Amino acid sequence: MKTASIKRGSIVEILVPVKSYRKEHPPGTQCQVLRLIRKDGKAVVSFKDSYSNSTVSLTEIKPVNQSNRKVPKVGDLFNSSWGYEQTNIDFYQVVRVISENTIEVRSCAGKQVSYQNLSGQVKADKGNLSGDPKTYRVLYDMDGNPSFKVASYARAFPTNENEEHFFSEWH
């Protein structure tokens, strides 16, 4: 088996039983590779229905066809929700797809939909872009949904121009 095709973020199938957080996962269970430990020939994997990670040998897993990926397209919108004692919402619009794993985005403005008692709803104002394009690496979850890391404290997830997002302020 070629382990070169197994990378961080890959969806793999385990070939042996694996225990994680008081749950036994039988052979054939799919999981996502979080980290590769090349010197030990192991991978740290995460299961969709478990709250902890497990370490397995690279010989105990095999890659799975990831045809269910929802690859971003030019014009797609993403949102990031972050904050401490307040909820900030940032929007991004894809301006260029470099590969299925790399995109270029620009910041996108938001439109306030409602506001009351220091909180409200906001949605993306598609096409109202600002700033220079930034390149991000796209990661896919077990269901093929894309996201990218905006900062150490925030990830951006797909949205659309009609979806409302909660925000709050602090004075």
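Residue numbers run consecutively from 1 along every chain, following the written order of its sequence. For a predicted model such as this one, the threshold for reporting local features is a pLDDT of at least 70, and the threshold for listing and counting side-chain atom pairs is 80 or more; totals across whole chains, interfaces and linings nevertheless cover every residue. Note: side-chain values were computed over all heavy atoms of the structure, leaving out hydrogens and water.

Colleague: Help me out: how do you make sense of the environment of E13 in this one?
Modeller: Secondary structure elements follow DSSP: runs of H or I no shorter than four residues count as helices, runs of E no shorter than two count as strands, and numbering proceeds from the N terminus. Residue position: E13 is located in strand β1 (residues 11–14). As for E13 and E163, which are separated by 150 residues in sequence, their C-alpha atoms are 34 Å apart. When checking whether two residues touch, look at their non-hydrogen atoms; a contact exists if any pair is within 4.5 Å. Apart from residues no more than four positions distant in its own chain, E13 is found in contact with G28, T29, Q30, E60, I61, K62 and V64.

Colleague: Would you mind going over the layout of surface pockets with me for this structure?
Modeller: It is a probe the size of a water molecule, rolled over the atoms, that shows where empty space is left. Points on a 1 Å grid, built from protein atoms alone, make a cavity when a 1.4 Å probe fits but cannot get out and make a pocket when they are open with protein on both sides within 12 Å along at least 5 of 7 lines; residues with an atom within 4 Å of a point are the lining residues. Grid points are joined across faces, edges and corners, and a volume is the space filled by probe spheres set on the points. Taken as a whole, the largest pocket holds about 250 Å³ of empty space. Taken together, 15 residues make up the lining of the largest pocket; nearest its centre are K7, S10, Q66, R69 and N101. As a working rule, the residues Ala, Val, Leu, Ile, Met, Phe, Trp, Tyr, Cys and Pro are called nonpolar, Asp, Glu, Lys and Arg charged, and the rest polar, with Gly in that last group. Among the residues making up the lining of the largest pocket, the classes are represented as 6 nonpolar, 5 polar and 4 charged. Put simply, the second largest pocket is a space of about 200 Å³.

Colleague: What is the right way to read the confidence of the model for the protein chain from this model?
Modeller: Caution applies to low-pLDDT parts of the model: their predicted coordinates are not meant to be read in detail. Here the protein chain averages 90 in pLDDT, and 98% of its residues register 70 or above. Residue-level confidence of the predictor is what pLDDT reports, using numbers from 0 through 100. Within the protein chain, strand β2 (residues 18–20) has the poorest average pLDDT of any element, 83, and strand β8 (residues 77–82) the best, 97.

Colleague: Whenever I open this one, the environment of Y21 confuses me. Can you help?
Modeller: Within the secondary structure layout, Y21 lies in the loop between β2 and β3 (23–25). According to the relative accessible area criterion, Y21 is partly exposed, its value standing at 47%. Separated by 29 residues in sequence, Y21 and S50 place their C-alpha atoms 6.7 Å apart. Apart from residues lying up to four places away in sequence, Y21 is in contact with S50, Y51 and S52. When accessible area is computed with a 1.4 Å probe and restricted to protein chains, residues below 20% of their type maximum are described as buried, those above 50% as exposed, and intermediate ones as partly exposed.

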